[in-house]
Structure formats: C-alpha cells, structure tokens
Amino acid sequence: MLENLPPCPKCSCEYTYEMNALVVCPQCGHEWVPAENGATAGDAGAERVVKDSVGNVLQDGDSVVVVKALKVKGSPSGIKAGTKVRGIRLVDGVDGHDIDCRIDGFGAMQLKSSVVRKA
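Everything numeric here is computed off the predicted structure, so don't read it as measured data.

Thresholds applied
- Residues numbered from 1 in each chain as written.
- Predicted model: local features only at pLDDT ≥ 70, side-chain atom pairs only at ≥ 80, totals over all residues.
- Heavy atoms only, no water.
- Helix = DSSP H or I, 4+ residues; strand = E, 2+ residues; numbered from the N terminus.
- Buried < 20%, exposed > 50% of the residue type's maximum accessible area, 1.4 Å probe, protein only.
- Pairing = 2+ DSSP bridges.
- Core = buried A, V, L, I, M, F, W, Y, C linked by side-chain atoms within 4.5 Å.
- Contact = heavy atoms within 4.5 Å.

Caption draft 1: Structural context of the environment of Ser-63. Its location among the elements puts Ser-63 in the loop between strand 5 (57–58) and strand 6 (64–66). The exposure class of Ser-63 is partly exposed, given its relative accessible area of 22%. Residues Ser-63 and Arg-89, spaced 26 residues apart in sequence, show a C-alpha to C-alpha distance of 10.0 Å.

Caption draft 2: Highlighting the sheet that holds strand 9 (residues 99–103). Strand order in the open sheet formed by 3 strands is 8-9-10, and the pairing between neighbours is antiparallel. Two strands in the sheet have a free side with no partner beyond their single neighbour: strand 8 (89–90) and strand 10 (107–111). With 2 bridges joining them, strand 8 and strand 9 adopt antiparallel strand pairing. When the sheet's bridge partners are listed, Arg-89 is paired in strand 9 with Asp-100.

Caption draft 3: A look at the nonpolar core. Among the nonpolar cores identified, the biggest contains 15 residues, and Cys-101, Leu-111 and Val-116 are the most heavily contacted of them. Those elements giving two or more residues to this core turn out to be strand 6, strand 9 and strand 10. Among all residues touching Val-116, those that are not within four sequence positions of it are Asp-52, Ser-53, Leu-58, Val-64, Val-65, Val-66, Val-67, Ile-99 and Leu-111. Grouped together as the second largest cluster of nonpolar side chains are 5 residues, Cys-8, Cys-13, Cys-25 and Trp-32 included.

Caption draft 4: Quick look at the sheet that holds strand 7 (residues 84–85). The strand order across the open sheet built from 3 strands is 7-6-11, with neighbouring strands paired in antiparallel fashion. Here the strands that pair on one side only, and so sit at the sheet edges, are strand 7 and strand 11 (116–118). Pairing of strand 6 with strand 7, which is carried by 2 bridges, proceeds in the antiparallel orientation. Within the sheet, the bridge partner assigned to Val-65 lies in strand 7 and is Lys-84.

These figures capture arrangement, not role.
Structural data, given as structure tokens:
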C-alpha cells in the first residue's frame with residue numbers, strides 16, 4: 001500500500017486510489033502502475049547494473065575470468081578457475097545467472113556474475 005498516492009498523470013486529479021497493483025483515477029478512469037512513473041523520473045533504476053565478484057561494472061562484450069572452479073552437469077572436469085571467457089552478454093537469467101556466454105570446450109552456458117571478474 002502506498003501512503004502518498006501520486007496524482008493522475010492525465011488530468012492531475014488528486015483523488016486517486018489503489019486497486020490491486022494499479023493506481024486508478026476516479027475522474028477520468030485512467031489506470032497505471034506507479035512503479036513505471038518512478039522509474040521514468042530519471043533515476044538509474046531503468047537500467048540494471050551487473051557487477052562482478054570484485055565490484056567492477058560489467059557490460060555486453062566484456063571479457064571475464066572465472067574465479068572459482070565450477071561443476072558442470074555431464075562433464076567430468078568442470079570449468080577451472082582462471083578460464084577466460086570473451087564476449088559476454090548480460091541477460092535476465094534464472095536463479096541469478098545473469099551472464100550468457102560461450103566457453104571453449106563446453107559451449108553456450110549461463111554464469112553468475114559473482115563467480116567471475118573482469119579481465
């Protein structure tokens with residue numbers, strides 16, 4: 001529940017109310033999600049920042065180095081610490097896997113940013 005509801009962006013009516021996840025204007029009937037207006041107000045929340053294990057900001061196309069040995073299903077050896085990965089892509093992955101990459105000898109896979117550092 002929001003304590004101070006924003007006025008309607010269409011008609012500036014101050015008597016807005018909440019209905020589930022939406023904010024509704026009783027005057028013009030406009031419905032909107034209040035989080036969208038907050039993100040477009042100019043803060044950095046619109047773009048997600050991904051940091052490596054050391055705290056460096058990662059971007060698409062960067063090269064990273066794996067900092068700890070990783071087990072891989074179906075592979076007897078896994079990925080060794082110190083393996084260099086080139087040309088990463090940042091994605092909204094599952095369970096914190098936010099890096100999409102291709103590792104020589106293993107193929108395409110997703111990694112967590114907490115197990116790599118910028119090369």
